[in-house]
Amino acid sequence: MNYGQIVIFGAKLVFGGIAAFLAILLWSKSRRAGWLCLSSSVLISYAGIIYEMMVDMGILSAGNFFVYGIPVLRLCFAVVPALFLITALILIIKELS
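Everything numeric here is computed off the predicted structure, so don't read it as measured data.

### Points about the overall build of the chain
Argument step 1. Along the backbone of the chain there are three helices and two strands.
Argument step 2. Each helix and strand of the chain, ordered N terminal to C terminal, gives the series α-α-β-β-α.
Argument step 3. With respect to the principal axes defined by its C-alpha atoms, the chain has extents near 50 × 35 × 20 Å.
Argument step 4. For the chain, the residues scored as buried account for 20% of the 97 residues in total.
Argument step 5. Taking the intrachain contacts of the chain between residues at least 6 apart in sequence as the baseline, contacts between residues at least 24 apart amount to 54%.
Argument step 6. With the model as given, the accessible surface of the chain reaches about 6800 Å², and the carbon-plus-sulfur share is 74%.

### Let's talk about the pattern of salt bridges
Argument step 1. Tallied over the entire structure, the rule returns two salt bridges.
Argument step 2. As a salt-bridge pair, E95 and R32 come within 3.4 Å of each other at their nearest N and O atoms. In this pair, E95 is assigned in helix α3 (residues 72-96) and R32 in the loop between α1 (3-29) and α2 (33-57), connecting sequence segments 63 residues apart.

### A closer look at the confidence of the model for the chain
Argument step 1. Averaged over all residues, the pLDDT of the chain equals 90, while 100% of them reach at least 70.
Argument step 2. Confidence scores differ between elements of the chain, with strand β1 (residues 66-67) showing the lowest mean pLDDT of 82 and α3 the highest of 93.

### Some thoughts on unusual backbone geometry
Argument step 1. Here Y68, not a glycine, exhibits a phi torsion of approximately 55°, which is positive.
Argument step 2. Tracing the backbone shows Y68 in the loop between β1 and β2 (70-71).

### Details of the packing of α2 against α3
Argument step 1. Running from N to C, α2 and α3 point in directions that differ by 165°, and their axes come no closer than 8 Å. As summarised for this structure, α2 and α3 are arranged roughly antiparallel, according to the angle between their axes. The way α2 lies across α3 gives a crossing that is left-handed.

### Remarks on a nonpolar patch on the surface
Argument step 1. A cluster of nonpolar residues, V14, F15, I18, F21, L22 and L25, forms a patch on the protein surface that exposes about 620 Å² of accessible area.
Argument step 2. For F21, the position within the fold is in helix α1.
Argument step 3. Classification of F21 by relative accessible area gives exposed; the value is 52%.

### A closer look at the environment of L25
Argument step 1. Among the secondary structure elements, L25 is positioned in helix α1.
Argument step 2. Residue L25 is classed as partly exposed on the basis of its relative accessible area, which comes to 38%.
Argument step 3. In the structure, L25 is positioned 14 residues away from S39 in sequence and 9.0 Å away in space, judged by C-alpha atoms.

Rules behind the numbers
- Residues numbered from 1 in each chain as written.
- Predicted model: local features only at pLDDT ≥ 70, side-chain atom pairs only at ≥ 80, totals over all residues.
- Heavy atoms only, no water.
- Helix = DSSP H or I, 4+ residues; strand = E, 2+ residues; numbered from the N terminus.
- Buried < 20%, exposed > 50% of the residue type's maximum accessible area, 1.4 Å probe, protein only.
- Contact = heavy atoms within 4.5 Å.
- Areas by Shrake-Rupley, 256 points an atom, 1.4 Å probe, with all protein chains shown as cover.
- Salt bridge = Lys/Arg side-chain N within 4 Å of Asp/Glu carboxyl O.
- pLDDT = per-residue confidence, 0-100.
- Axes fitted to C-alpha atoms, helices over the stretch in contact; angles between N-to-C directions.
- Parallel < 35°, antiparallel > 145°, perpendicular 65-115°, else oblique.
- Left-handed = near helix turned anticlockwise from the far one by under 90°.
- Patch = residues over 30% accessible without salt bridge, like charges linked within 9 Å, V, L, I, M, F, W, Y side chains within 5 Å.

Shown next, in the form of structure tokens:
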């Protein structure tokens, strides 16, 4: 790992941690489905950042479960936050209508 990667991972951890903290605060204040999906999106995205960092540092392996040559866990961390975000936006738009 070079210096540039360390700086990028550090920035991702700091700002992702702040976003995750605020998502947890939002979760505790609001029980509406749209806001819960938004908070879930942020938290899963942060878990994905931590997972990618641990794989790149060699602490964890990428896993042995591949579908069509794609690591399933990395795919989940890439797709699931976007799905939660889409769901959250749909629910919030529906709620405001």
